[in-house]
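Structural features, examined
Here are the chains, one letter per residue:
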Amino acid sequence: MKKFTCVADLGDLRAAVAEALEIKRDRFAHTELGRNRTLLMLFFNSSLRTRLSTQKAAMNLGMNVMVLDVNQGAWKLETERGVVMDGDRPEHLLEAIPVMGCYCDVIGVRSFARFESKQEDYEERILEQFIRYSGRPVFSMEAATGHPLQSFADLITIEEHKRTERPKVVLTWAPHPKALPQAVPNSFAEWMNAAGYDLVVTHPEGYELDPRFTGGARIEYDQRRAFEGADFVYAKNWAAYRDPNYGRILSQDRSWTVDAAKMALTNDAWFMHCLPVRRNMIVTDEVIEGPRSLVIPEAANREISAQTVLKRLLESL
Ligand code: CP
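Source: prediction; values computed, not measured. Here, residues in each chain are numbered from 1, in the same order as that chain's written sequence. Restriction of local features to residues with pLDDT of at least 70 applies here, the model being predicted, together with a cutoff of 80 or more for giving and counting side-chain atom pairs; totals for whole chains, interfaces and linings are based on all residues. Side-chain calculation: all heavy atoms of the structure are included, whereas hydrogens and water are not.

1. Concerning the side chain of N237
We apply this condition: Helix and strand assignments come from DSSP, with helices taken as H or I runs of at least 4 residues and strands as E runs of at least 2, each series counted from the N terminus. Should any heavy atoms of two residues lie within 4.5 Å, those residues are counted as being in contact.
Position of N237 relative to the elements: it lies in the loop between β11 (232-236) and α10 (260-263). Apart from the residues within four sequence positions on either side, N237 is in contact with W173, A174, P175, H176, K178, L180, P181 and I282.

2. Points about the sheet that holds strand β6 (residues 106-110)
Short version of the rule: Two strands are counted as paired when DSSP detects at least two bridges linking them.
Strand order in the open sheet made by the five strands is β1-β7-β6-β2-β3, with parallel pairing throughout. The open sheet has two edge strands with one neighbour each: β1 (3-4) and β3 (64-69). Pairing geometry for strand β2 (residues 38-43) and β6, over five bridges, is parallel. Paired with F43 across the two strands is R110, which belongs to β6.

3. Comments concerning the pattern of salt bridges
This is how it is decided: By definition, a salt bridge exists where a carboxyl oxygen of Asp or Glu is found within 4 Å of a side-chain nitrogen of Lys or Arg.
Evaluation of the coordinates by the stated rule reveals 28 salt bridges. Of the charged contacts, one joins R51 and D69 as a salt bridge, the two residues approaching to 2.5 Å between their closest N and O atoms. Of this pair, R51 sits in helix α2 (residues 49-60) while D69 sits in strand β3, and the two are 18 residues apart along the sequence. Salt-bridge contacts for R279 lead to E289; the nearest nitrogen and oxygen are separated by 2.6 Å. Here R279, found in the loop between β12 (270-272) and α11 (285-288), pairs with E289, found in the loop between α11 and α12 (295-315); they are 10 residues apart in sequence, far enough to count as distant.

4. Focus on the packing of helix α3 (residues 93-102) against helix α5 (residues 125-133)
Inclusion rule: Fitting a line to C-alpha atoms yields each axis, with helices limited to the stretch in contact; the angle taken between N-to-C directions then spans 0 to 180 degrees. Orientation categories follow fixed angle ranges, with anything under 35 degrees roughly parallel, anything over 145 roughly antiparallel, 65 to 115 roughly perpendicular, and all other angles oblique. Left-handed describes a crossing in which the near helix is turned anticlockwise from the far one by less than a right angle; the clockwise case is right-handed. When residue character is reported, Ala, Val, Leu, Ile, Met, Phe, Trp, Tyr, Cys and Pro are called nonpolar, Asp, Glu, Lys and Arg charged, and the others, Gly included, polar.
At a closest axis distance of 9 Å, the pairing of α3 and α5 adopts a crossing angle of 50°. As summarised for this structure, α3 and α5 are arranged oblique, according to the angle between their axes. Both α3 and α5 take part in a crossing whose hand is right-handed. Contacts between α3 and α5 involve L93, L94, I97, P98 and M100 from the former and I126, Q129, F130 and Y133 from the latter. When the residues that make up the contact of α3 with α5 are grouped by side-chain class, the tally is eight nonpolar, one polar and no charged.

5. Some points on α2
How we decide: For a helix, the expected span equals 1.5 Å multiplied by the residue count minus one. Note on classification: 1.4 Å probe, protein chains only; a residue is buried when its accessible area is under 20% of the maximum for its type, exposed when over 50%, partly exposed between these limits. Think of the arc as the fan of directions from the helix axis to the C-beta atoms.
Over its 12 residues, α2 extends 16 Å from the first C-alpha to the last, a length consistent with the 16 Å expected when each residue adds 1.5 Å. When we look at burial in α2, the residues that qualify are R49, T50, S53, T54, A57, A58 and N60. Looking straight down α2, one finds that the buried residues subtend no more than 160° of arc, so they occupy a single side. In the core, the buried residues of α2 are packed alongside β2, β3, β6, β7 (138-140), α6 (148-161) and α12. Positive backbone phi, approximately 85°, marks G62, located one or two places after α2.

6. What to know about the nonpolar core
For clarity, the threshold we go by: We call a set of buried residues a nonpolar core when its members are Ala, Val, Leu, Ile, Met, Phe, Trp, Tyr or Cys and they connect through side-chain atoms within 4.5 Å of each other.
F139, F152, W191, M192, L199 and L310 are the most contacted members of the largest nonpolar core, which totals 50 residues. Looking at this core element by element, the count peaks at six residues for α12. Excluding anything up to four places from it in sequence, F152 contacts L10, A16, V17, A20, W191, S305, T308 and V309.

7. Some remarks on the pairing of β6
Extensive coverage of β6 is indicated by the burial of five of its five residues. Side chains V106, G108 and R110 project from β6 onto one buried face, and the interleaved I107 and V109 project onto a second face that is buried too. Inspection of the sheet shows β6 paired to β7 by three bridges, in the parallel sense. Its bridge partner lying in β7, G108 is registered against F139.

8. Digging into unusual backbone geometry
Here D243 and P244 are connected by a cis peptide whose omega angle stands at 5°. By secondary structure assignment, the location of P244 is in the loop between β11 and α10. Here the bond from L275 into P276 is cis, since omega is 0°, no more than 30 degrees from zero. Inspection of the secondary structure puts P276 in the loop between β12 and α11.

9. Points about the side chain of T50
Note the cut-off: Polar contact criterion, stated in full: a pair of N or O atoms within 3.5 Å, where within protein one must be able to donate a hydrogen and the other to accept it, and residues adjacent in sequence count only if both atoms are side-chain atoms.
The topology assignment puts T50 in helix α2. A residue is classified by how much of its surface remains accessible, and T50, at 2% relative accessible area, is buried. Reaching out from T50, the side chain makes a polar contact with the side chain of R110 at a distance of 2.8 Å. Here R302 takes part through its side chain, which lies 2.8 Å from a polar atom of the side chain of T50.

In structure tokens, the structure reads:
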């Protein structure tokens, strides 16, 4: 595997999950694989889980790790080609990327949607430039339109907890005070479809996601109806995708907050969220602290998804 940006990069998904569970049983079985190999983790945006879990995964494989917070500990980077660089960004990404590639064997990149241009965001311009110019295997640590390491961890978590072969999985929009990218819900829908689950996406009208990710999932505007019989409820906020409202908040309707009354409509569903989560906006304290909350096991599985991906990237060197 030369890159990891979407579910297709893993090939056979069942085999990938089996490999991940094998790694989980003995996460120190491949400590020689990363010997004298260096991972560079590059953050254009903040992180807690991705930063720690990916670093831990790399250490489990025996790798050396370098972490760079772009725009904090390094020169501010210009990302647009053709601009006159007379502002506050003294270095261009087109030099910085191959330079960074000189110092490492694998590169992880976190670069969120900017909501300045839907086209730029959905072309994944930052991530694609790393893939093109670094000369190294590159993996997404959440990009503008996807968060595959999160979705892989979510899939592993569902496989560990499901009671039926094809569970009903509900992805629900929930309110949030800020405009958030579609990366997590896009990837989640993509991965749930790839796994062959019964996926229902529920949100207020106007929050339709890109159908390239939701595929054949049922779209339901009545959240309570969507929850009926659900085995898993995955909550997430996202800003509008459709034009002319791309990147905008259309609703902060608190009646969409996931609470115990709605969870009672489900098939005793597990509650999931990628974290960080705004309590009592996205989900009530009672639900997230309850016995059916999977938010901590999901976060724990981030180490496993990252290690599986890093292992495959190392094997390609
Ligand atoms: N879920 C997730 O990616 O968390 P961080 O933003 O803290 O890395």
